[in-house]
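Here is how the chains run, residue by residue.
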Amino acid sequence: MKIQLEINRQTVEVEVAPQARLLDVLRQVGILSVKSGGCQRGECGACTVLLDGKPINSCMLLAVQAQGHAISTVEAEGEYLDQGWKQGVGLSPLQRAFIENGSIQCGYCTSAMVLAAKALLARNSDPSEAEVREALSGILCRCTAYVKPVEAVLRAAQLMREENDQAAKPLGTLKIVEADEIPETTVVGKAVPKVDASKLVQGKPAFTADFAPTGTLVAKVLRSPVAHARIKRIDATRARALPGVAAVLTWEDIPRVVYSTAGQSDPIPGPLDTFSLDNKVRFVGDRVAFVAAETEAIAQKALELIEVEYEELPAVLDSREAMKPGAPIIHDEPEYVNFADSDPTHNKAAAIRIDIGDVEQGFAEADRIYEQEYEVPKVQQAHIEPHVALSYWDADGRLVIYSSTQVPFHARRMLAPLLKLPVKRIRVIKPRIGGGFGGKQEVLIEDVVAHLTIATGKPVLYQMSREEEFIASRSRHPMRIKMRTGVKRDGTITANEMIALSDTGAYGCHALTVTGNTGQKSMALYVGDGKYRLSPNIRFYADIVYTNTPPAGAYRGYGVPQGFWPLERHMEMIARDLGLDPLSFRIKNALRSGEYQPFSTSWNEGREPRPEIVETVGLEKCVREGAQAIDWEHKYRNPEWHEVPGKPHLKRGIGVAMVMQGTAIPYLDMGGASLKLNEDGSFNLLVGATDLGTGSDTILAQMAAEILGVNTEDIIVYSSDTDFTPFDKGAYASSTTYISGTAVIKAAVEVSEKICARAVKMFAANGKVVAADEITLKEGCAIAPDGSRITLAEIALESLHHAEQEQIMAVASYVSPSSPPPFAAQFATVLVDTQTGQVQVEDLVMAVDGGVIINPATASGQIEGGMAQALGYAVCEEMRYDEHGVAREKDLVDYHIFRADEMPNLKTIFVQTYEPTHPFGAKAVAEIPMDGVAPAVGNAVLDACGAQIYANPITPEKVWESLKRTKRG
Amino acid sequence: MKNETVAYFRPKTISELEEILSRVQGEVNFLSGGDYNFASLDQSAPLVDLQSLGLDQIISNGNTVEIGALATLEQIKEAFQGWDCLQEALSIEAGLNVRNSLSLANFLKTADGRSPFLCVLLAFAPTIALLPSHQSMRLETYLSSRQKKPTEFISTLNLALPKGLAFEAIARTPKDRPIICMAAAVDDLGKLRIACGGMQNSPQVINISTEPQSAIDLVRQAYQQSTDAWASTEYRQATSQVLLSRLLQSLGLSV
Ligand code: FES
Ligand code: FES
């Protein structure tokens, strides 16, 4: 039917299916700022439009219902000011504030936030912080913790009230202190706006789904309703006969190639146990068939017409049952390829046995031995942009795949054998990513669209629904962890042991490496003191088992949060039992600079260990700064502070956790960069690194700009396309600033040398004798010691057109011999209702040593966003299954992530050390905020009311149970 | 496959609506404002959009309030200024976008026992009116007989304002769906009505016409078999007593 919509004050006539949602129709007419989070209960708000001036979810209205109403989208909000010979109107104050304030990370929620803020400011020009939070409450942001978006709205309100002279009051209260002397820099260390911020704040086409050409087929996947079964019969005849269906693929139709979906360097450090489609299903949600059709409704109908007969098999849903004799075998396929100690006949995906020093002797020397079992849940990355991929054949018969992936190069390499195509005939393009957090370090759906494009010859788009994200993507490995620690009476740790049982779900992607990290990063923090410091006694054993639940995989922190929950809860228990100050006890035993990362001497993800000395440890200063910020001295052990006057059932508590992480995978992961000079003195920087919203493109541009003496606006960053950009392992393991950054720096140094060499000749032509190493690159010029200068544009013109023509450019790559750990102290205060067990987190403070901070705005954004995710891990996020393996959480209502209007106070402190293994002294910050919030909150709950919670999240019933047990005593 | 064109109507009056319904054969899809999920609509049935019938008004008349079923949750929140616990329940129910999008009618179609707003609404003892039958029924009755493919739609919800209203909830975070929530309203005669939520398909309602004391057992009974994926009976029964005493205290009653 034909309808008329008033979109951004223009009447648009459009042919729509009567039951088409407004969201889909807006995208159909090219309004691509309106995003889909795949929701069924309107939970994400990414699809926000203003309807008659009010923010609504366009997925909650049919297009026909919107007739007669005014629809506004961010396309009408503002535009680039400078458009060549035409002057644009420029960006709106709101858009400018979002950019200047560093409020945009992945940008998938940004258009929605701008619209919601616009609606607020239209009726309230001077909102309070609470009113701004309420206005943003319908839009979930998984990246920012809402700190900077809220600041931006308040700032925009000021701008619109023309109070430009007043500085906005910061909410996030970022502080930067220096533990080492940090060299002066011009661009590095500055909060420059993100290089992609302008396009994101305007809602320009930037994400995978925005690039689907007209006529693209819609893909859907039939998923298993049972946890474990053989497919006895599958008949797609009726589905194929449905008009509008272009292809239906079952396991009988495509090559049977075993692989792992884990996006990692070659060889994959894990078992190969997965097929694009198989004749066996191993969890509720496993793939059964692929469909491509003209519309989503037809594809859905086709799924319903596929007949499947399952021969149900007994399922293993509890990791403790997986390795027992007689347990059902989940992987009995002959093609299974072992890695290291995997053993599918016992449902074992991997095993780890690490002994450092003489652990038994350490226990023998202890005065006290503390033992306790802990548990950590399965949790979801919950990026607001679901997994999405688009594929088509190009005119040269090459398969082009757009994908929201963290690992485009790994994807290309891994897809080739599945598709029976050589690598050279596959091109993977990664546009902007709407959040990943490790969930997109997986080759999860690219094969679906690729198989369907091969089958149909047509472009195919597949975007997972939110429910599929929960039942069929990846998650954090749940684990059961036993701690055993030997301690002297003075608090010296003599031996520390962690035994983990990790549940990888139905497939072993990242099974070994995630769980390896659990021990390797957390158990390295406390080496002991005195002679134990010289020779620590540490044991980490783990079994990683298959179960018939959705697979786990990579999630920000990559196994480390699982290690720090038990470790830091355990340390707290020991400190309290021995009557020691929890801060001093930890610092006494913690790793110090100049010491070996103890695990580097014994383990390296199944490869040869390479001992590594930790050069920079700012932990002690982090503790001091964090303690001061949270006012530890006046709160800890202060009975008065713990009480709430007039409310005896409410108790306050304060807690701490100390953590470390890693920076990149040494001797393995490589990043590359290519840099070339243009005629106007600007540069193209091509990187394979994948900015998933973290701001890494901006940081790479800053480092190049620093060396080349230009502004970041003069660095045009492109990332990433396997045809054009150099190889990069992708965005994971906190490696982009460190690995890809060093590659960029190497390329920039080489280019700068070429520029200086050319400048020497140009100075000489003017009668000036200057040596190359006397020339400084600054302000877009090559400057001689006497101050005379040649612009980079002049150098570019000379080198490209006038004399001894050459393209000044360089390609460089970097693989690191080290993995310098960032450190942090994380603090929390809580309010506990002792009658109900309800916990409210009031403050979170994180003081972090991430080396030199390249961009304080993007880095603090990482810390804030990470803390918010970790807060969910602390109190509400978990994925549970019933006795049939059916998920309890299938959307972002039941799987609650924090809203803007319920966040605690957040404070970030950067303690800058100068890491000598990086040219600018940087380490990493993106993952470490995940590690310490949950144990700090657990410790604060203990401090408040004595409730000992061994399994996160800390839910009201667990607190209530614990208090009840204590009372029974 | 081309999408079959189905008829779309947007009547402006009830009589126009009745005329359309008399003309249209078989099932129709009533569009009662914003909804979560349109997948349940019958693909071939005509669409009857109710937005122009004036059913989004909220009219208060002395002690009674009539809420048009197409009023959004946010309209309701704004209309009930001063009723803090109703506003709080709505704020927990959903963020602003959903509240601006979702109509009361569509909320009532899908709200379950964990809904804080439904819990508070039930404490008001409301009735609903249905069209085209012009039938009226208690909200509890409607909730227990909700159909997937309704042949009628809710036109209004009517309630009398109580003398006092209180709401308590326990959840993992301030805006998470409650594990247990309870709302209590007391009328001019001192009669107490308690909605016990946090579980099952809809909150259970208890009317207490005698001493508030009797509420203790009745509330405990309401949570008797309440173990589900979110909490145990033991927890809910124990904390319901805590919430009950807080409700009564804020209503100025004591047990
Ligand atoms: S709320 Fe509309 S797509 Fe998420
Ligand atoms: S910036 Fe909000 S979801 Fe990524």
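Residues numbered from 1 in each chain as written. Chains lettered and ligands numbered in written order. Predicted model: local features only at pLDDT ≥ 70, side-chain atom pairs only at ≥ 80, totals over all residues. Heavy atoms only, no water.

K.L.:
I keep staring at the overall build of chain A and nothing clicks. Help me out?
P.N.:
From N to C terminus, chain A includes 26 helices and 34 strands. Here the C-alpha atoms of chain A give a radius of gyration of 28 Å, agreeing with the 30 Å that 2.2 N^0.38 yields for 969 residues. Principal-axis analysis of the C-alpha atoms gives chain A an extent of 80 × 80 × 60 Å. By residue count, 67% of the 969 residues in chain A fall in the buried class. Residue pairs in contact within chain A that sit at least 24 positions apart in sequence constitute 78% of those at least 6 positions apart. (Helix = DSSP H or I, 4+ residues; strand = E, 2+ residues; numbered from the N terminus. Rg over C-alpha atoms; globule rule 2.2 N^0.38 Å. Buried < 20%, exposed > 50% of the residue type's maximum accessible area, 1.4 Å probe, protein only. Contact = heavy atoms within 4.5 Å.)

K.L.:
Even after reading the chapter, I still don't get the environment of Ile208 of chain B, so can you show me in this structure?
P.N.:
Residue and element names in this part refer to chain B. Mapped onto the secondary structure, Ile208 falls in strand S12 (residues 204–208). In this structure Ile208 comes out as buried when scored by relative accessible area, which is 3%. When the C-alpha positions of Ile208 and Tyr8 are compared, they lie 47 Å apart, and in sequence the two are 200 residues distant. Residues in contact with Ile208, not counting those within four places in the same chain, are Lys191, Leu192, Ile194, Ser214, Ala215 and Leu218.

K.L.:
Honestly, the packing of helix H11 (residues 408–419) of chain A against helix H12 (residues 446–456) of chain A in this entry has me stumped. Any pointers?
P.N.:
Packed helices, taken two at a time, are described by the angle their axes make and the gap between the axes. All names here are of chain A. Following both chains from N to C, one finds H11 and H12 inclined at 40°, their axes separated by 11 Å at the closest point. On the basis of the axis angle, H11 is oblique to H12. Viewed along their axes, H11 and H12 form a crossing whose handedness is right-handed. Two secondary-structure elements touch here, H11 through Leu415, Leu418 and Leu419 and H12 through Glu446, Asp447, Ala450, His451 and Ile454. (Axes fitted to C-alpha atoms, helices over the stretch in contact; angles between N-to-C directions. Parallel < 35°, antiparallel > 145°, perpendicular 65-115°, else oblique. Left-handed = near helix turned anticlockwise from the far one by under 90°.)

K.L.:
Is there a simple way to explain the nonpolar core in this structure?
P.N.:
Side chains of a nonpolar character, in soluble globular proteins, are inclined to be buried together. Core analysis: the largest hydrophobic core is formed by 171 residues, its most contacted members being Val937, Val941 and Val959 of chain A. Judged by nonpolar contacts, the second largest core, of 76 residues, contains Ile3 and Leu23 of chain A together with Ala69 and Leu102 of chain B. (Core = buried A, V, L, I, M, F, W, Y, C linked by side-chain atoms within 4.5 Å.)

K.L.:
Even after reading the chapter, I still don't get the interface of chain B and chain A, so can you show me in this structure?
P.N.:
By a widespread convention, an interface's size corresponds to the accessible area lost as its parts come together. Listed per partner, the contact involves 56 residues of chain B and 59 residues of chain A. Taking both sides of the interface into account, the surface hidden between chain B and chain A amounts to around 4600 Å²; carbon and sulfur atoms contribute 52%. Inspection of the chain B/chain A interface yields 5 salt bridges. Where Asp833 of chain A meets Arg246 of chain B, a salt bridge forms, and the shortest distance between an N and an O atom there is 2.7 Å. (Buried area = accessible area lost by both parts, 1.4 Å probe. Salt bridge = Lys/Arg side-chain N within 4 Å of Asp/Glu carboxyl O.)

K.L.:
What should I look at first to understand the sheet that holds strand S3 (residues 48–51) of chain A in this one?
P.N.:
Adjacent strands of a sheet form backbone hydrogen bonds with each other and so pair up, either parallel or antiparallel. Residues and elements named next belong to chain A. Spatially, 5 strands are ordered S2-S1-S5-S3-S4 in an open sheet, and the strand pairing comes out mixed. At either end of the open sheet lies a strand with only one pairing partner, and these are strand S2 (10–15) and strand S4 (54–57). Ignoring which end each strand starts from, the neighbouring axes of this sheet average 45° apart. (Pairing = 2+ DSSP bridges.)

K.L.:
Would you mind showing me how to read empty space enclosed by the protein here?
P.N.:
By rolling a water-sized probe across the atoms, one finds the places where empty space is left. All names here are of chain A. The tally for this structure, following the rule as stated, stands at 9 cavities of 30 Å³ or more. Reported here for the largest cavity is a volume of approximately 550 Å³. Along the wall of the largest cavity there are 41 residues; nearest its centre are Thr694, Ser734, Gln862, Ala926 and Glu927. Among the secondary structure elements, those contributing two or more residues to the lining of the largest cavity are helix H21 (696–708), helix H22 (736–765) and helix H24 (856–875). Across the lining of the largest cavity, the residue classes break down as 20 nonpolar, 18 polar and 3 charged. (1 Å grid on protein atoms, 1.4 Å probe; cavity = no way out; pocket = protein on both sides within 12 Å on 5 of 7 lines; lining within 4 Å. Points joined across faces, edges and corners; volume = space filled by probe spheres on them. Nonpolar A, V, L, I, M, F, W, Y, C, P; charged D, E, K, R; others polar.)

K.L.:
Any chance you could explain helix H3 (residues 110–123) of chain A here in plain terms?
P.N.:
Within an α-helix, residues lying three or four positions from one another point in the same direction, as the helix has 3.6 residues per turn. Residue and element names in this part refer to chain A. With 14 residues, H3 extends 20 Å from end C-alpha to end C-alpha; this agrees with the ideal 20 Å at 1.5 Å per step. Of all 14 residues in H3, 11 are buried, a share of seventy percent or more. Burial in H3 covers these residues: Thr110, Ser111, Ala112, Met113, Val114, Leu115, Ala116, Ala117, Ala119, Leu120 and Leu121. (Expected span 1.5 Å × (residues − 1).)

K.L.:
Looking at this structure, I do not really get the pattern of salt bridges. What am I missing?
P.N.:
If the charged atoms of two oppositely charged side chains come close together, the side chains can form a pair. Residues and elements named next belong to chain A. Applying the stated criterion to the full structure yields 82 salt bridges over all chains. Residues Asp723 and Arg427 are paired through a salt bridge, measuring 3.7 Å at the closest nitrogen-oxygen approach. Of this pair, Asp723 sits in the loop between strand S27 (715–718) and H22 while Arg427 sits in strand S19 (residues 426–429); the two residues are 296 residues apart in sequence, bridging distant segments of the chain. For Arg427, a relative accessible area of 18% puts it in the buried group. Residue Lys729 pairs with Asp728 through a salt bridge whose shortest N-O separation is 2.8 Å.

K.L.:
What is the right way to read the sheet that holds strand S14 (residues 307–312) of chain A from this model?
P.N.:
Residues and elements named next belong to chain A. Across the sheet, 3 strands lie side by side as S12-S10-S14; this open sheet has antiparallel pairing. Single-partner strands in this sheet number two, and they are strand S12 (280–281) and S14. Of the strand pairs in this sheet, strand S10 (residues 229–235) and S14 are connected by 6 bridges, and their pairing is antiparallel. By the bridge assignment for S14, Arg233 is matched with Glu309.

K.L.:
Help me out: how do you make sense of the packing of H3 of chain A against helix H5 (residues 147–160) of chain A in this one?
P.N.:
Residue and element names in this part refer to chain A. Relative to each other, H3 and H5 sit at 45°, their axes nearing to 11 Å. What the angle tells us is that H3 and H5 run oblique. Helix-helix and strand crossings are classified by hand; for H3 and H5 the assignment is right-handed. Contact residues: H3 offers Met113, Ala117, Leu120 and Leu121, while H5 offers Pro149, Val153, Ala156, Ala157 and Met160. Looking at the contact of H3 with H5, its residues break down into 9 nonpolar, no polar and no charged.

K.L.:
How should H12 of chain A be read in this particular structure?
P.N.:
Burial analysis of H12 of chain A places 9 of its 11 residues in the buried class, which makes it a mostly covered element. Taken from the residues just after H12 of chain A, Gly457 of chain A is the one with a positive phi, measuring 75°.

K.L.:
What is the right way to look at unusual backbone geometry in this model?
P.N.:
Peptide bonds are trans in most cases, and residues, glycine excluded, mostly fall at negative phi. Residue and element names in this part refer to chain A. Note that the residue after Asp266, namely Pro267, is joined by a cis bond; omega there is -5°. Tracing the backbone shows Pro267 in the loop between strand S11 (245–249) and S12. A cis geometry characterises the amide bond from Asn952 onward to Pro953, with omega recorded as 0°. Locating Pro953 in the fold gives a position in the loop between helix H25 (929–945) and helix H26 (956–968).

K.L.:
Got a minute to help me understand the packing of aromatic side chains in this structure?
P.N.:
Centre distance and the angle of the planes are the two values used to describe a pair of aromatic rings. Considering all chains together, one arrives at 15 aromatic pairs over all chains under this definition. Taking the centre distance of 6.4 Å and the plane angle of 80° together, the rings of Tyr336 of chain A and Tyr546 of chain A count as edge-to-face. Of the two residues, Tyr336 of chain A sits in the loop between helix H9 (319–322) and strand S15 (348–356) while Tyr546 of chain A sits in strand S23 (residues 538–546), which places them 210 residues apart along the sequence. Judged on exposure class, the residue Tyr336 of chain A and its partner Tyr546 of chain A are both buried. An angle of 65° between the planes, with centres 6.2 Å apart, marks the rings of Phe80 of chain B and Phe124 of chain B as edge-to-face. Placement of the pair is Phe80 of chain B in the loop between helix H2 (73–79) and helix H3 (84–93) and Phe124 of chain B in the loop between helix H6 (116–123) and strand S6 (127–131), with a sequence separation of 44 residues. Of the two residues examined, Phe80 of chain B and Phe124 of chain B, each falls in the buried class. Site record: aromatic cluster; members linked through ring pairs are Phe211, Tyr392 and Tyr402 of chain A. One Lys or Arg, Arg476 of chain A, reaches over the ring of Tyr873 of chain A and ends 5.3 Å from the middle of that ring. (Phe/Tyr/Trp six-rings, centres within 6.5 Å; stacked < 30°, edge-to-face > 60°. Lys NZ or Arg CZ within 6 Å of the ring centre and 35° of its normal.)

Just geometry here; none of it tells us what the structure is for.
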